[in-house]
Amino acid sequence: AGSFMSVLSDLEGSDLSFLESVIDKADVSCEISDLTKVSGALWPVLVLQRRCPSTWRNVTHYVNELGFEAELLVLLKGARSISDVEDVNDLERNRFAIHMLDSCSDVLDVDLMVQLINSLHLETPLDPSSIEHPTGDMLAGLLEGGAIVDCPDSYRVLVSSDWQSR
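Residues numbered from 1 in each chain as written. Predicted model: local features only at pLDDT ≥ 70, side-chain atom pairs only at ≥ 80, totals over all residues. Heavy atoms only, no water.

Some thoughts on unusual backbone geometry
Positive phi outside glycine occurs at Arg50, with the angle close to 55°. Here Arg50 is to be found in the loop between helix 3 (43–48) and helix 4 (56–66). Among the residues examined, Arg50 registers a relative accessible area of 47% and is labelled partly exposed. Of note in the backbone geometry, Asp84 takes a positive phi value of approximately 60° without being a glycine. One can find Asp84 in the loop between helix 5 (70–79) and helix 6 (90–104). (Helix = DSSP H or I, 4+ residues; strand = E, 2+ residues; numbered from the N terminus. Buried < 20%, exposed > 50% of the residue type's maximum accessible area, 1.4 Å probe, protein only.)

See the structure below:
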């Protein structure tokens with residue numbers, strides 16, 4: 001991985017299509033474990049080609065710099081989870097879960113969204129009223145995973161949604 005990072009650093013500033021080709025042709029074991037160790041210009045190519053793990057650090061740094069771009073969604077669809085969340089403050093995980101729900105509910109299918117939220121292992125469940133446009137499947141998955149509390153308020157949110165969502 002060190003030599004892969006070194007090659008990428010040496011090629012920084014090269015034509016993007018050339019970089020994509022180099023990354024594509026690299027051995028499948030070549031990945032960058034921490035995106036912050038390479039230029040942000042390389043991040044979209046690395047996540048699109050799934051050459052980095054979907055760790056808390058990588059995903060949140062990517063989102064903070066570039067948002068929930070299509071390239072990141074490819075990585076998340078492949079990984080189906082966000083790892084290394086154990087040492088992250090629960091409030092940060094909660095805020096990120098809400099941000100993901102707000103930003104991605106139109107572009108990620110419900111099952112994947114539920115898997116990603118549940119992979120955050122929230123200690124303090126989300127407030128169901130903070131979820132915009134919840135569907136029955138989404139609430140059921142979040143309830144099952146413990147990301148929202150099984151209480152009357154959770155069901156009130158569902159009842160207040162439109163008929164199709166139930």
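From this point on, the discussion continues.
A few points about the packing of aromatic side chains
Throughout the structure, instances matching the rule amount to 3 aromatic pairs. Relative to Phe96, the ring of Trp56 has its centre 5.3 Å away and its plane inclined at 70°; by these criteria the two rings are edge-to-face. Placement of the pair is Trp56 in helix 4 and Phe96 in helix 6, with a sequence separation of 40 residues. The two residues Trp56 and Phe96 agree in class, both being buried. Ring centres of Phe68 and Phe96 lie 5.8 Å apart, and the angle between their planes is 40°; on these two criteria the pair is classed as tilted. (Phe/Tyr/Trp six-rings, centres within 6.5 Å; stacked < 30°, edge-to-face > 60°.)

What to know about the pattern of salt bridges
Enumeration over the complete set of coordinates arrives at 3 salt bridges. Among the salt bridges present, the one from Asp90 reaches Arg93, with a minimum N-O distance of 3.7 Å. Taken together, the positions of Asp90 and Arg93, both in helix 6 and 3 residues apart, correspond to about one turn of that helix. Looking at Arg93, the relative accessible area reads 2%, which means it is buried. Between Arg93 and Glu123 there is a salt bridge whose closest N-O contact spans 2.9 Å. Of this pair, Arg93 sits in helix 6 while Glu123 sits in the loop between helix 7 (110–118) and helix 8 (136–145), and the two are 30 residues apart along the sequence. Classification of Glu123 by relative accessible area gives exposed; the value is 60%. Through salt bridges with shared partners, a single ionic network connects Asp90, Arg93 and Glu123. (Salt bridge = Lys/Arg side-chain N within 4 Å of Asp/Glu carboxyl O.)

So, the packing of helix 6 against helix 7
Running from N to C, helix 6 and helix 7 cross one another at 165°; their axes reach a closest spacing of 10 Å. As judged from the angle between their axes, helix 6 and helix 7 are roughly antiparallel. For helix 6 against helix 7, the interelement crossing comes out right-handed. Contacts from Ala97, Met100, Leu101 and Cys104 of helix 6 reach helix 7 at Met113, Leu116 and Ile117. Across the contact of helix 6 with helix 7, the residue classes tally to 7 nonpolar, no polar and no charged. (Axes fitted to C-alpha atoms, helices over the stretch in contact; angles between N-to-C directions. Parallel < 35°, antiparallel > 145°, perpendicular 65-115°, else oblique. Left-handed = near helix turned anticlockwise from the far one by under 90°. Contact = heavy atoms within 4.5 Å. Nonpolar A, V, L, I, M, F, W, Y, C, P; charged D, E, K, R; others polar.)

Everything listed here is a matter of geometry and, on its own, says nothing about what the molecule does.
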